[in-house]
Amino acid sequence: MQSFESVIRTTYGTAFAVLNKRFHDIQQVEDALQHACMKAFERSQTENIFNAKAWLIKVATNHILDEVKKHKPDYFEHLDKADPIETAYQYDDATLGLIFTCCHPSISQENQLALCLKWVMGFDNTSIARALLVSDKTLEQRITRTKRKLRANSIDFSLPTQSHLPIRLNAVIKVLYLMFNEGYFGSSGRILVSNALCKQAIYLMRLICRTYRGNASSLALLALMLFIQARAPARATEKITLLENQDRSKWDHPMVEEADVLLQKSLKLGRPTSYHIQAAIAGLHSQASHYQATDWQQIILLYDKLLSYEYSPVAILNQSVALMQVGSWDKAEDKLLSIQENLRNYAPYYIALGYLYKHTHRLKAATHSLKTAHSLSKNASEKEHLQEQLQRLR
Amino acid sequence: MQYLCLIFESEALAAQRDEQAEAALIEEYGKFTDDIEATGNHIGGEALMPSETATTVRVRNGETLTTDGPFAETKEQLGGYYLIEAATLDEAISIAAKIPSAKDGCVEVRPVMKFE
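Please read all numbers here as calculations on a predicted model, not as lab measurements.

So, about the environment of Ala196 of chain A. Residue and element names in this part refer to chain A. On the secondary structure map, Ala196 appears in helix H10 (residues 191-211). When its relative accessible area of 6% is taken as the criterion, Ala196 is described as buried. Once residues within four sequence positions are removed from consideration, Ala196 is found in contact with Glu5, Ser6, Arg9 and Met121.

Shown next, in the form of structure tokens:
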């Protein structure tokens with residue numbers, strides 16, 4: 001049976017877009033969908049919801065019509081009550097229009113992400129606030145302000161024109177990238193939620209690749225997502241299994257192959273972007289039969305290339321992990337120490353540092369680093385894993 | 001929809017421009033203005049005298065108070081504006097990006113409020 005979580009994540013955005021296009025009232029649509037999601041939850045307890053998208057739209061539409069009839073009878077008289085005949089193509093267009101609006105370049109990236117999580121993914125404010133590490137009140141203020149900005153600038157839910165497409169598309173891709181990362185590497189640690197988020201980011205990325213053919217960045221990002229998502233079956237069982245310990249036979253190998261084809265295709269389309277490099281790195285991991293067989297030298301070089309595009313402490317952290325795999329402990333240590341200030345609140349940083357100290361026989365320092373990682377980690381299964389490692393150090 | 005493009009640039013930087021650079025900039029502005037007039041986006045616009053010529057006016061308890069200088073001391077100062085007509089914010093942004101001072105200063109784009 002399809003979980004309630006994945007029903008909502010995969011249907012909410014389209015339902016929102018379609019309803020908003022018909023009724024032009026965001027508040028009303030939000031309320032109606034909240035009502036419909038509650039109904040969906042009740043129903044999912046006992047039976048499967050077939051064609052959840054149409055079901056959600058239908059229930060929410062009826063709710064809106066009822067509300068209008070009750071509170072604005074004059075307006076109701078003039079409303080077209082017949083169900084519009086919508087094709088899948090129109091659903092897609094409405095969904096794209098919604099994403100482009102949420103990711104308008106005039107909105108800060110943080111608020112673009114918040115709006116996407118709310119309108120495209122259907123998360124409630126509390127969950128979004130938690131994911132973005134802000135208070136509920138701050139998030140609410142930001143969303144209110146963003147809605148006001150959209151209204152003041154008459155940003156409607158239409159698709160961008162050809163001449164504005166490149167800048168608009170880049171913004172959308174970046175947010176989908178962040179959304180996928182939040183799903184895969186996010187701090188919540190709720191596997192069910194995370195997987196639905198990743199799947200939906202991939203679905204939307206596919207939609208974009210289909211609509212805007214021949215866009216190198218989109219294809220490269222889709223490849224990157226697929227390379228990583230292919231590991232999901234081996235990664236998330238009851239708790240998260242690290243890449244080095246995953247049973248690689250459980251990986252989705254057809255998905256890896258598809259990702260590889262997409263990456264090759266995207267490389268022919270123009271100058272490689274940072275998504276290309278990241279996809280190539282993920283691809284090298286996917287091609288290795290086991291962790292030790294990974295082409296670490298190649299990965300180290302690719303990180304150099306990635307870092308030549310933009311400075312990223314997390315990329316340096318990952319590069320240092322690759323350096324440790326080939327025994328370049330000194331280089332790895334230099335790199336790690338150079339990013340200490342940037343990543344002082346980032347658990348994976350201290351995990352890498354702990355690994356380095358352990359393998360260079362500085363057990364006291366290793367214990368200290370792993371303890372810091374443990375206190376910083378918000379992920380239950382990661383905490384458990386660290387606890388085990390700490391016990392082994394004693 | 002009408003948008004006001006407020007042009008901010010560093011007056012300190014502007015003071016360093018030599019005659020030749022100044023002439024080139026004026027020519028660039030002239031061309032930009034011609035362009036948006038031709039496309040029908042232009043409604044109005046002016047360059048302003050430097051911020052040191054500003055007087056800031058407040059009325060408190062019925063009394064008019066004036067301060068010598070601009071409202072806020074910032075790194076970049078308001079140097080001029082364009083009032084433009086654009087179909088979407090996208091269009092307004094791409095027009096603002098062509099304002100010559102966007103290259104070393106910045107342009108704030110604000111929708112004009114309509115009273116119905």
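All names here are of chain A. Taking 1.5 Å of rise per residue, 14 residues should cover 20 Å, and helix H14 (residues 274-287) covers 20 Å from first to last C-alpha, within 8% of that figure. Burial analysis of H14 places twelve of its 14 residues in the buried class, the great majority of the element. Among the residues making up H14, those that are buried are Ser274, Tyr275, His276, Ile277, Gln278, Ala279, Ile281, Ala282, Gly283, Leu284, His285 and Ser286. Those residues of H14 that are buried lie in contact with helix H9 (165-185), helix H11 (216-229), helix H13 (253-267) and helix H15 (296-309).

Following the sequence through the fold, Ser10 of chain B ends up in the loop between strand E1 (2-9) and helix H1 (11-15). In this structure Ser10 of chain B touches Lys75, Glu76 and Gln77 of chain B, once residues within four positions along its chain are discounted.

Attention now moves to the pairing of E1 of chain B. All names here are of chain B. Here E1 lies mainly inside the structure; six of its eight residues are buried. Note that E1 and strand E5 (residues 77-85) share eight bridges and pair antiparallel. From the neighbouring strand, Tyr3 faces E5, where its bridge partner is Ile84. Of the pairings in the sheet, the one linking E1 to strand E6 (residues 106-111) comprises six bridges and is antiparallel in character. Looking across to E6, one finds that Leu6 is bridged to Glu108.

Of the residues lining the interface, eight residues belong to chain B; the matching set on chain A comes to nine residues. A buried area of about 660 Å², summed over both sides, lies between chain B and chain A, and 59% of it is on carbon and sulfur atoms. Summed over the shared surface of chain B and chain A, the result is one salt bridge. Remark: the boundary between chain B and chain A carries four residue pairs in polar contact (both at pLDDT 80 or more). No other element matches helix H3 (residues 89-96) of chain B, which puts five residues into the side of chain B that touches chain A. Considering only residue class, the side of chain B that touches chain A consists of five nonpolar, one polar and two charged.

As enumerated under the stated definition, the model contains 15 salt bridges over all chains in all. Residues Glu333 of chain A and Arg362 of chain A are paired through a salt bridge, measuring 2.9 Å at the closest nitrogen-oxygen approach. Here Glu333 of chain A, found in helix H17 (residues 329-338), pairs with Arg362 of chain A, found in the loop between helix H18 (347-359) and helix H19 (363-376); they are 29 residues apart in sequence, far enough to count as distant. Looking at Glu333 of chain A, the relative accessible area reads 17%, which means it is buried. With relative accessibility at 31%, the residue Arg362 of chain A sits in the partly exposed group. Connected via shared salt-bridge partners are Glu9, Arg17 and Glu22 of chain B.

Our focus in this paragraph is the nonpolar core. Leu33, Met179 and Met205 of chain A together with Tyr82 of chain B are the most contacted members of the largest nonpolar core, which totals 108 residues. Among the elements that make up this core, the one with the highest residue count is H9 of chain A (eleven residues). In this view, Met205 of chain A contacts Ile173, Leu176, Ser218, Leu221, Leu222 and Met225 of chain A; residues no more than four positions away in its chain are not counted. One finds Ile277, Ile316, Tyr350 and Leu356 of chain A within the second-largest nonpolar core, a separate group that totals 35 residues.

Before going further, it helps to spend a moment on the packing of helix H16 (residues 313-325) of chain A against H18 of chain A. Residue and element names in this part refer to chain A. As a packed pair, H16 and H18 sit with axes 10 Å apart at the nearest point and diverge in direction by 20°. Looking at the two axes, H16 sits roughly parallel to H18. For H16 against H18, the interelement crossing comes out left-handed. Between H16 and H18, the residues in contact are Leu317, Val321, Met324 and Gln325 and Pro348, Tyr349, Ala352, Tyr355 and Leu356, respectively.

Rules of the game
- Residues numbered from 1 in each chain as written.
- Chains lettered and ligands numbered in written order.
- Predicted model: local features only at pLDDT ≥ 70, side-chain atom pairs only at ≥ 80, totals over all residues.
- Heavy atoms only, no water.
- Helix = DSSP H or I, 4+ residues; strand = E, 2+ residues; numbered from the N terminus.
- Buried < 20%, exposed > 50% of the residue type's maximum accessible area, 1.4 Å probe, protein only.
- Contact = heavy atoms within 4.5 Å.
- Expected span 1.5 Å × (residues − 1).
- Pairing = 2+ DSSP bridges.
- Buried area = accessible area lost by both parts, 1.4 Å probe.
- Salt bridge = Lys/Arg side-chain N within 4 Å of Asp/Glu carboxyl O.
- Polar contact = N/O pair within 3.5 Å; in protein donor to acceptor, adjacent residues only side chain to side chain.
- Nonpolar A, V, L, I, M, F, W, Y, C, P; charged D, E, K, R; others polar.
- Core = buried A, V, L, I, M, F, W, Y, C linked by side-chain atoms within 4.5 Å.
- Axes fitted to C-alpha atoms, helices over the stretch in contact; angles between N-to-C directions.
- Parallel < 35°, antiparallel > 145°, perpendicular 65-115°, else oblique.
- Left-handed = near helix turned anticlockwise from the far one by under 90°.

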